[in-house]
Structures are given as C-alpha cells and as structure tokens.
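# Summary of the model geometry
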Amino acid sequence: MSNFINLVKLQTRNLLFSSIRHTRSKGKQAAGMGFLAFMVVTLLAVSSFYSITLLNALQGEERQLALYTMALAAFVLLLVFAAYNCGNHLFGSKDYDLLRSMPISKTALVASKLLSFLSLQYFYALFLLLPAILLYGLFTGQSLFYYLGGVGMFLVLPMPAVVLSALFSLVIGYVSSHFKYKNLVSNLLMMIFIVLVFFGSFMIQTLVGSAVDVQEVIRNMQLYLPFFGLMVKGMIEGSLLSYLLGLLCNVLPFVFFVVFFAKRFTSINSRLRGSYREKNYKLAKIKQSSSFNALFMKEVRRYFACGIYVMNTAFGPVIMLGASIFALFSKQSLMAIMNELPPELTAQISVILALGLIFLIVMSCTTNSSISLEGRHLWIIKSLPIRTEEIFAAKIALNLMILIPAAMLSVLLLALLFSLNIAELLLLLLLCAVTAFFTASFGLIVNLNFPRFDWVSETTVVKQSMACMISIFGGMILSGIIAFISIQVIGSMPVLVYLLILNLFFILLGVICLIYLKKAGIAQFKQL
Amino acid sequence: MLEIKNFSKSYGDKKVVDNLNLSVENGEIFGFIGHNGAGKTTTIKSIVGILDFEAGDILIDGKSIKNDEMACKRIMAYIPDNPDIYESLTGIRYLNFIGDIYKVDARLRETLIRQYADAFELTANLGDVIASYSHGMKQKLMIISALIHQPKLLILDEPFVGLDPKAAHILKQLMRELCDQGGSIFFSTHVLEVVEKLCDHVAIIKNGSIITEGSIDQVMGDQSLEEVFLELTDHE
C-alpha cells in the first residue's frame, strides 16, 4: 500500500509542480507563482460570470438548468483537456521501463497513473465546476447536503472524462502504430475527436437553448448523462439514492477501466511503443537543399510529430477556417441576424472581423515553446555551422506557415460573405501577416527568456510552461485591450483609417521584436 | 589544428576547468581522459561552441571559436556521449539535414552515406524513424552524420559507448584513416586500452586541470595507461 501511495505522490508531484519548480531564479519562481495565481483568479472570475449570467437568465425551478448546463460544460472541457495529455501519461511515459522492472503490481501502476492524472484534472475542475456549484447554492439557498454533494461531484466528475480520453488514446495509439508517420496519424485522429466533442456539445447546447420545456431537458440530461445528471438531481432534491447512483456512474467505469487496463498493460504498451519499420529499404537519390530549408523542414517535421504541439497551436487556424466556411454555408441565417443589428455596428463589420482574427492569431503561437522543445537536442543546432538568425527565422517561418494561409483564406471567404471592399480586404490580409509575424517573434522572445529543457513530456513545455502561459495570456490581454479601445473609438473614425492604425500598430510591435531578437535574442540563445 | 590556450570555465562560483592548455596537431589522435566530473565534457562542449567560456581562447585551424564561430564549426564535427537526436526524423532525413547544413554536394553525400551506412550495417534502417533505433544504432547514425561532411577536426565524447565490437573496430579504422588524410581527432573515453592502441597523444585531466600530457609513450613509460591513470589521480 505504501508503494502505491508513494507512486501516486511521486507522479502527481511531477505532473503538478514541475512547471514551476524548474527555474532556479527565486525571482522567476515568485513571478511564476504570481502569474499562476492571476490565471486562476481570472479563470474563476470568467467561470463565475458565465454562471451568474445563466442564473440571472432563468427563474424559479428553471434555474436548475444552469447547474446542469455548467456541469455538462465542465465535463466537455475536462474531456478535451484530458484527451490532450492522457495518451502520453499512460502509454508514453519515460518511467515505464523503470517502473515495470520494479516489484510493483500492474494494477497499482495503472491506478497510480490514472489517479495522478486525475489530480491534474481537479485543477481544471476547480474553475469549471466549483463557481457553478457555489453560485447556484447561493442563488437558491441550498442545504448542507447540497454543498457536501458538490464536493463529491467535484471529485468524481473528472473520472469519466479520464476514462473516455484514455480509451480514445488507446484507439488512436493502436491505429496510428500501423502507420509509418504514426504521429501525423494520431494528430489527425485526435483533432477529429476534439472536433466531434465540440460538435456534440454544441448540438446539445443548441437543443437545450431551443427547448421549450426546461423540465424535459433536465429529465433527458438525467437519463442520457447520468454521471452528472443524477448527482445534480440528488444534490438539488436532497435525494441520497439519486446522488449515489450518479456517483456509481462515475466511479464504477473508472474502477473497471483500471482492472481492464492493468490486465493488458504490458501488451498494450508493447504495441503502442512499437514503431513502424520499413521492409527492404533502398537508399534513394538524394537532393540537396539550403541550410535554411533544412532547418525549416526540421521544424515542420518536429511540429507534426508532436500531437500536443499541433493541438495547442493549430486550433486557432482550424477554427478560423472552419468558422469562415460554416458562415459561408449559413449565409442566409447569418444575414438575417445581421439585419437585426444596429446599422452602426454592421458598418464596422471589418473591424469586428479584425478583432476576431487578431484574437485567434495571437492564441496560435508555436514559437513560445519551440526553443524549449529542442530539449536534449539543443546541442545539435548549437554545434552546427548555422547562424542564430537562421535558427530564429526557421522557427518563425513555421509559425507563419501555420497561421498565414488559414488566416488569409478566412479573410477572403469572409470578405465574400460580407461584401467587403477591396481596401478593407487588403488591410485585413495585411493585418493577418503582421499580427502573425508579431505573434511568432514575441513568442520566440518569451521562450528565450523562459526556456525549459529538462522536460520529460512535451505537454510540460507546450501547455504548462511559463513561456507558453505568458505568450498566450499576454496575447489575450493584448487582444482584450485592442477590443476595448476599438469599442471606444468605433464610429468616431473611418473604418479604413482604424484598420490602417491596427496594421501600423502590429508592424511597430513586429519591428520592436525583430530589433530585440537581433540585439539581445542572439546573445540569449548563445547563453542557453 | 586545435589549440586550447588558458581556457577556464566556471558554473556560477564553481570553477570546473582551470587554465587548461593543450594542442592537437594535424594528423594526430589525441586522447583526453579523466575521472567523472573532471571537466572533459565541459572542455569538449566549449571547443565545439555549445558552451561559452570566460577565460582563454580555443583556436581551430588558427581561427577563434569565440570570434569566428561559423568558420570553426564548418571544419569540425562533434559526436556527444549521448545520442540525443531528432527521434521524429528517419535516419536518412537526419543525415540529409546535416548534409544540407554543411552544404555537402548531393552526389558526394549519397556516396558517403552509402559507404558509411554499409560499413556500419545501418543502410536497411535508414528509412525508419530514429525513435525505433537502439542506442547503438543512434550512435552509428551520429558517427555517419559526422563523417559525411569530411571534417578536418573530429571531436568525440566517449564514442565507443553502445557500439558493438564490429562497429567499434570500424570506427577505430575510420579514425585512423581520417588522421592519415591530415585530419585530427580529439576524443574522451574511459576505455584506456583504446587510448593506448589508438592515440598519438594523451592528456589526463583531474578536477579541471591537466595533470599530465604528452605522447602516449612518454606518459605511459613502462607502465600501462591504467596504472599511470590510477597513480596520478589517486596521489595528486
């Protein structure tokens, strides 16, 4: 038992605290903790705001729907967050050989991995679920049983998300292990899974939103989504039976999964850790290319080989394109909505599009972790006859390759939809390019200042590193500030002038970043 | 070919290499031995430009690694002790990546890859991703990548770790051939028998300082290198 507890503690500690602990500088540690605290407070505030909005929109018994909806939203997001990391943690961990060689039972090993992973999900559940539970209780005056039940739901709701994401990771891993470019295949399958999850939740939310009979919706949630439906019912109605049934719906699949997976742990890992081997390989004719091209292609291959890297950074461009294509096909309903909006707002449509583009572009930065991802391979580019500027250029070029085609195509589609004039179109196209360049160069600067090379899993760098958080939240804050200013000045100046100002602003930022990279960035890289 | 002058390197307050001086002539194989943590890898990484250093200079073919980094790196190749290379690439892709960086002509590259891959019996695996390679296969791939651009100076950090006996034998032959053609080799190893058989010169480092240096015959005298090493590192 003590082995098991030690295993859980060790793996949980690694997962939860390694992203802050690594930096030696006490100043940076304090800054990191401060930033984390700021992030938690912000996310709690956003989640609370959403819950309050829902609660205010509903009255009387219909308010229950708010709690059901937040629980569903929490479950969907937990599923998506779990899907990103589960595969690596269960099947790709570097400690597999070591742990399997020790006198630790497979059940204990599997259970410890799943429990440690579960502990990470509680971090997300904290700001997804807790505000909703507390605010509903405050708005409707609930009993102690409700609050105790809420604690229980907080603890068990991530379990089915972990099980589902583990199962899906298993399927993805099994399918992709049959292919030479298994990482590319697994990335594609993972993206399909995420899209399906979001599509499914969107459909449910649409059904909920358009439902006439709220009680019917609640009954359907209890019936078809019992793992939270029954628990919420039990909490609100004070029904211990409903609550316990709901609890079992969460816990039992988790336990069954541990037992099932433990029995097949060795065979599953052997299968998934294997690589495709080419039979009868013959050396083909070799083509020479430039050193920049070689570096760029290395970056491209590195990018597509890492699922979490692709998931975290390509979603913005995918959403941009997806939304533009969807909007084009939903032209009629979209135009109907547009006709109901005030004419002052519709006249500024290109500014609104610009704000949306800026937000999605700054959220899709590959460079904020590209230096850290060199990891133990940093010696290669440091020992080769390559100028540091070329290394930076290749990393920035990758980010531009991910962003610019998708952003520009989206602009073209939206320009068609909203009948933008040529000047607006050109300014928006230029905005895509300059914002993308700023995003890429700023991300690189952040990573140079907050590098991380001692990672074991890429997730640590791509999702949990200081550089990633600063870049992403910095981008969110910047786009928030731009949106706020836009709302203040919108209508007081011609649209084209404002779009030009936005372009000039990002050109200026890009130039500042470029100067920094040339003057200080190169020296920083040499010190790494 | 390689000249290290008054080289010192510290990590924070701790000086790990102190006022190191040595030189490697053209056509020479130079063995660099010492206990764990003596400063061998630090010295080697400073030579190849991975680490910066605060005192002294390192000249490669007369050019300073500090002031003329690109020119130095173009004529040198480095094989580290751990074969940490891009696991998402196939073997051939990694070799082409190195070949492109060093601007090796495509035809020559193909010839050399074929030659070295056949010698190390790695040709059939070049199409597989490096993640599927064993430690020894990765080591072989790194050796091939170092040789395809025909370096004048080869820097090796414990190159025989993980190699099977045949591959180790081939590597020794290739090292000798490179030096016979005028190139130089500077390598560290814990396998003292290899140093005895292969090296022209040897230096022993202890706690960041060279405690003895000279031709292999001068250093060994009538003892084995192991006896000399143990005596010097125990008694100094």
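Residues numbered from 1 in each chain as written. Chains lettered and ligands numbered in written order. Predicted model: local features only at pLDDT ≥ 70, side-chain atom pairs only at ≥ 80, totals over all residues. Heavy atoms only, no water.

The name given to chain B in an unreviewed UniProt entry is ABC-2 type transport system ATP-binding protein, and the organism recorded there is Dielma fastidiosa.

For chain A, an unreviewed UniProt entry supplies the name ABC-2 type transport system permease protein and the organism Dielma fastidiosa.

### Examining the overall build of chain A
For chain A, the count of helices and strands is 24 helices and 0 strands. Over its C-alpha trace chain A gives a radius of gyration of 25 Å, about what one expects of a compact globule, namely 24 Å for 528 residues. Across its three principal directions, the C-alpha atoms of chain A cover 65 × 65 × 50 Å. Taking all 528 residues of chain A together, the buried fraction comes to 52%. A sequence separation of at least 24 residues applies to 84% of the contacts in chain A between residues at least 6 apart. Between the centroid of the 37 positive side chains of chain A and the centroid of its 17 negative side chains there is a distance of 17 Å. (Helix = DSSP H or I, 4+ residues; strand = E, 2+ residues; numbered from the N terminus. Rg over C-alpha atoms; globule rule 2.2 N^0.38 Å. Buried < 20%, exposed > 50% of the residue type's maximum accessible area, 1.4 Å probe, protein only. Contact = heavy atoms within 4.5 Å. Lys, Arg positive; Asp, Glu negative; His and termini not counted. Charge placed at Lys NZ, Arg CZ, Asp CG, Glu CD.)

### A word on the nonpolar core
Counting residues in hydrophobic clusters, the biggest one holds 153 residues, and the most contacted among them are I60(B), Y94(B), L126(B), F186(B) and F187(B). Among the elements that make up this core, the one with the highest residue count is helix α21 (residues 422-449) of chain A (13 residues). Those residues in contact with F187(B), other than ones at most four positions away along the chain, are I29(B), F30(B), G31(B), F32(B), L156(B), P159(B), F160(B), M175(B), V194(B), L198(B) and C199(B). One finds A74(A), I104(A), L129(A) and M311(A) within the second-largest nonpolar core, a separate group that totals 98 residues. (Core = buried A, V, L, I, M, F, W, Y, C linked by side-chain atoms within 4.5 Å.)

### Looking at the pairing of strand β1 (residues 2-11) of chain B
Residues and elements named next belong to chain B. One ladder, built from 7 bridges, connects β1 with strand β2 (residues 14-24); its direction is antiparallel. Bridge pairing links L2 to V24 in β2. Adjacent in sequence and paired antiparallel, β1 and β2 are bridged by 2 residues, among which G12 carries a positive phi angle near 65 degrees. Relative to strand β4 (residues 55-60), β1 runs antiparallel, the two sharing 5 bridges. In the strand pairing of β4, L2 is matched with I60. (Pairing = 2+ DSSP bridges.)

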